[in-house]
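As a plain string of letters, each chain reads:
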Amino acid sequence: MIYWVKTLSQTKKIAKEFAQNIKNAKRLIIFLQGDLGTGKTTFVRFVLYYLGIKDFRGSPSFSIANEYLLNDKKIIHMDLYRVETKESLLNMGICEYFEENAIFFVEWPNLLEIKPDIMIKFILTNTQRSMEIDWGSN
Ligand SMILES: Nc1ncnc2c1ncn2[C@@H]1O[C@H](COP(=O)(O)OP(=O)(O)OP(=O)(O)O)[C@@H](O)[C@H]1O
Ligand SMILES: [Mg+2]
């Protein structure tokens with residue numbers, strides 16, 4: 001499904017629907033693809049807001065992941081932009097992260113060799129901004 005998101009409030013609306021759709025999940029892997037500045041972190045911030053997380057800390061800067069607890073649910077926001085090789089991903093303990101029962105939001109997931117449950121692609125051109133959500137087979 002493709003959504004046109006010319007404004008932040010349009011992104012917010014999609015984020016609200018998205019949060020509704022995933023709020024009962026205990027484990028879910030969501031990949032966010034798209035060039036620099038296309039709106040990945042913004043979308044994660046809004047989704048987390050609607051899930052009930054009011055202390056969003058932006059993209060992780062000193063590690064690869066920020067973790068949030070919401071009642072019995074764990075949410076892990078990863079940004080792998082600065083990771084250059086699969087070896088360094090492994091050294092950072094990427095496997096241990098994915099052993100957890102959590103909802104994973106992963107920006108720059110290219111080096112990961114796992115399949116996401118949901119894939120979101122962000123596109124920004126001179127004239128339009130869009131996001132495409134592929135819900136997989138669920
Ligand atoms: N729908 C939108 N309408 C207008 N501006 C937007 C929209 N979504 C995001 N932005 C703006 O675009 C800028 C970049 O957004 P964001 O940081 O979310 O991108 P990103 O894809 O996470 O970038 P990076 O690849 O660097 O992590 C921000 O200033 C944000 O406010
Ligand atoms: Mg980002």
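Residues numbered from 1 in each chain as written. Chains lettered and ligands numbered in written order. Predicted model: local features only at pLDDT ≥ 70, side-chain atom pairs only at ≥ 80, totals over all residues. Heavy atoms only, no water.

In the annotation of an unreviewed UniProt entry, the protein chain is listed under the name tRNA threonylcarbamoyladenosine biosynthesis protein TsaE and assigned to Desulfurella amilsii. In its Sequence similarities (unreviewed entry) section, UniProt records this for the protein chain: "Belongs to the TsaE family." Taken directly from UniProt, the Subcellular location (unreviewed entry) text for the protein chain runs: "Cytoplasm". (UniProt positions renumbered as here; feature names shortened; annotations may be inferred.)

Engineer: Run through the sheet that holds strand E6 (residues 118-124), naming residues and quoting values.
Structural biologist: Read across the sheet, seven strands follow the order E1-E7-E6-E2-E5-E4-E3 without closing on themselves; strand pairing throughout is mixed. What marks the edges here is a single partner per strand, and that holds for strand E1 (2-4) and strand E3 (65-70). Shown here is a sheet whose adjacent strand axes are inclined to one another by a mean of 15°, direction ignored. Along the sheet, helix H2 (residues 40-51) contacts strand E2 (28-33), E3, strand E4 (73-79), strand E5 (103-107), E6 and strand E7 (129-134); its crossing angle with E5, the most-contacted strand, is approximately 160°. (Pairing = 2+ DSSP bridges. Helix = DSSP H or I, 4+ residues; strand = E, 2+ residues; numbered from the N terminus. Axes fitted to C-alpha atoms, helices over the stretch in contact; angles between N-to-C directions. Contact = heavy atoms within 4.5 Å.)

Engineer: Got a sec to walk through H2? Specific residues and values, please.
Structural biologist: With 12 residues, H2 extends 17 Å from end C-alpha to end C-alpha; this agrees with the ideal 16 Å at 1.5 Å per step. Among the residues making up H2, those that are buried are Lys-40, Phe-43, Val-44, Phe-46, Val-47, Leu-48 and Leu-51. One or two steps after H2, the chain reaches Gly-52, where phi turns positive at roughly 115°. (Expected span 1.5 Å × (residues − 1). Buried < 20%, exposed > 50% of the residue type's maximum accessible area, 1.4 Å probe, protein only.)

Engineer: For the site of ligand 1, give the residues involved together with the corresponding values.
Structural biologist: Looking at ligand 1, there are 16 residues lining it, with Thr-11, Gly-37, Lys-40, Thr-41 and Thr-42 nearest. Gly-37 is positioned with one of its backbone polar atoms (N or O) 2.9 Å from an oxygen atom of ligand 1. At 3.0 Å from an oxygen atom of ligand 1 is found a main-chain nitrogen or oxygen belonging to Gly-39. Contact with the protein chains hides 70% of the accessible area of ligand 1, taken as 640 Å² for the molecule alone. Of all the secondary structure elements, the ones that give two or more residues to the shell around ligand 1 are helix H1 (8-22) and H2. No other element matches the three residues that H2 contributes to the shell around ligand 1. Broken down by class, the residue content of the shell around ligand 1 amounts to four nonpolar, seven polar and five charged. (Near = heavy atom within 4 Å. Polar contact = N/O pair within 3.5 Å; in protein donor to acceptor, adjacent residues only side chain to side chain. Areas by Shrake-Rupley, 256 points an atom, 1.4 Å probe, with all protein chains shown as cover. Nonpolar A, V, L, I, M, F, W, Y, C, P; charged D, E, K, R; others polar.)

Engineer: Any chance you could break down H1 for me, citing the residues and the numbers?
Structural biologist: An ideal rise of 1.5 Å per residue puts 21 Å on 15 residues; H1 measures up with 21 Å between its terminal C-alpha atoms. Burial in H1 covers these residues: Thr-11, Ile-14, Ala-15, Phe-18, Ala-19 and Ile-22. With its buried residues spanning 145° around the axis, H1 presents them on a single face. The outward face of H1, more than 90 degrees from its buried face, is lined by the exposed residues Ser-9, Lys-13 and Gln-20. Buried residues along H1 sit in contact with E1, E2, H2, E5, E6 and E7. (Arc of directions from axis to C-beta.)

Engineer: Can you explain the packing of aromatic side chains? Please cite residues and give values.
Structural biologist: Think of a pair of aromatic rings as described by two things: how far the centres are apart, and how the planes are tilted against each other in angle. Within the structure shown, the criterion is met by seven aromatic pairs. Three or more aromatic residues joined by ring pairs form one cluster here, namely Phe-18, Phe-43, Phe-122 and Trp-135. Across from the ring centre of Tyr-49, 4.5 Å away, lies the NZ or CZ of Lys-54, which sits over that ring. In this structure, Arg-57 packs its charged tip against the face of Tyr-68, placed 4.5 Å from the ring centre. (Phe/Tyr/Trp six-rings, centres within 6.5 Å; stacked < 30°, edge-to-face > 60°. Lys NZ or Arg CZ within 6 Å of the ring centre and 35° of its normal.)

Engineer: So, the coordination of the magnesium ion (ligand 2): which residues are in play, and what are the values?
Structural biologist: Those protein atoms acting as donors to the magnesium ion (ligand 2) are Thr-41 (OG1) and Glu-107 (OE), and they sit at 2.0 to 2.2 Å. One end of the pair, Thr-41, is in helix H2; the other, Glu-107, is in strand E5, and 66 residues separate them in sequence. A relative accessible area of 25% places Thr-41 in the partly exposed class. (Donors = N, O, S within 2.8 Å, 3.2 Å for Na, K, Ca; no water.)

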